[in-house]
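Overview (structure and organization)
As a plain string of letters, each chain reads:
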Amino acid sequence: LTASEPPDAGNSLEEAQNLGLLSRGIFDTPGYAGSVQVVGNYAYIADGDSGLQIIDISDSKNPTLVGSYDDDLYANEAEIDGNYAYVANGVDHIRGNNLQIIDITNPDNPVLTADHNPTLMSEINFLSKPFRSKYVYVNSNISRFVEIIDISDPENPISDYGLPFPASTSYDLLVDSFIYLGTSKGLEVYDTPPYESPFGLDINYYVGNLTYSLPIGFSPDMRGIYKVDNYIYLVGNFQFEFDNKVQ
């Protein structure tokens, strides 16, 4: 989309057009597009039943499919770091739930480098952008853990830490020097672990220090967490309570 004026209100197509929002191009993926990451001239889409889809967007009016990787799992989210795509898969126990690391050096021929079954959860719904190109944080809607996976060797990812948290449901997460976690209790911010445990099959449990909590409450549906400079932006459906009034 392009905008001749910054949109400040409205949800309908007519209102969007009135605000100057114009569609530049459309590409209909074969699956259910759950997330998109744009790097250079390519858009990398976690496309549900259709796995990872790679779209050439160099001509924004005519996006075209370049390549894809699909092995009958359900791609929930994808993050890109260097020559690798990290894909969170998970929908049921039968079809499999794992973290896939896919080599995208050649976008028209993505190749599976490794897949890793999480230790603490039966499915992966969300994952962080690779932290320091060494760690990926993954979590699930139905797990009370964030699992930290060492990806310093992309061909041999290893579960390193598990971070328990008290909320019954977790949503998206973001990691820099802190762990920002969207949960059914609101936004929670934890210290990151020391990253000094010996790697191995036995995962270490790290009880993170809860440094900050923003109690949004009323079963928030927090589907996105973004940080720009010193601000955190939350995407979802929220209700706030101010002066004993729900807003």
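Residues numbered from 1 in each chain as written. Predicted model: local features only at pLDDT ≥ 70, side-chain atom pairs only at ≥ 80, totals over all residues. Heavy atoms only, no water.

**Notes on the nonpolar core**
For the record, the criterion: In plain words, nonpolar cores are sets of buried Ala, Val, Leu, Ile, Met, Phe, Trp, Tyr and Cys residues tied together by side-chain atoms within 4.5 Å. Whether a residue is buried, partly exposed or exposed follows from its accessible area with a 1.4 Å probe, protein chains only, as a fraction of its type maximum: under 20%, in between, or over 50%, in that order. Secondary structure elements follow DSSP: runs of H or I of four or more residues count as helices, runs of E of two or more count as strands, with numbering from the N terminus. It only takes one pair of heavy atoms within 4.5 Å for two residues to be counted as in contact.
Grouped together as the largest cluster of nonpolar side chains are 14 residues, with contacts concentrated most on Tyr137, Val146, Leu173, Val175 and Ile179. Looking at this core, the elements that each hand over two or more residues are strand S12 (135-139), strand S13 (145-150), strand S14 (158-164), strand S15 (170-175) and strand S16 (178-183). Take this core: its biggest share by element is 3 residues, from S15. Sequence-distant contacts of Leu173, defined by excluding residues within four places in its chain, comprise Phe126, Leu127, Ser128, Tyr137, Asn139, Val146, Tyr180, Leu181 and Ile225. With 12 residues, the next largest nonpolar core counts Ile54, Tyr69, Ala75 and Ile80 among its residues.

**A look at the sheet that holds strand S6 (residues 64-69)**
The following threshold applies: Between any two strands, pairing holds if DSSP finds at least two bridges. An axis is simply a line fitted to the C-alpha atoms; with a helix, the fit covers only the stretch in contact. Between two such axes, the angle follows the N-to-C directions and lies from 0 to 180 degrees.
On the basis of which strands lie adjacent, the open sheet formed by 4 strands has the order S3-S4-S5-S6 and antiparallel pairing. Where the open sheet ends on each side, the last strands, each with one partner, are strand S3 (35-39) and S6. Taking the axes of each pair of neighbouring strands and ignoring which way they run, one obtains an average angle of 20° across the sheet. Inspection of the sheet shows strand S5 (residues 52-56) paired to S6 by 5 bridges, in the antiparallel sense. Each bridged residue has a counterpart across the sheet, and for Gln53 the counterpart in S6 is Ser68.

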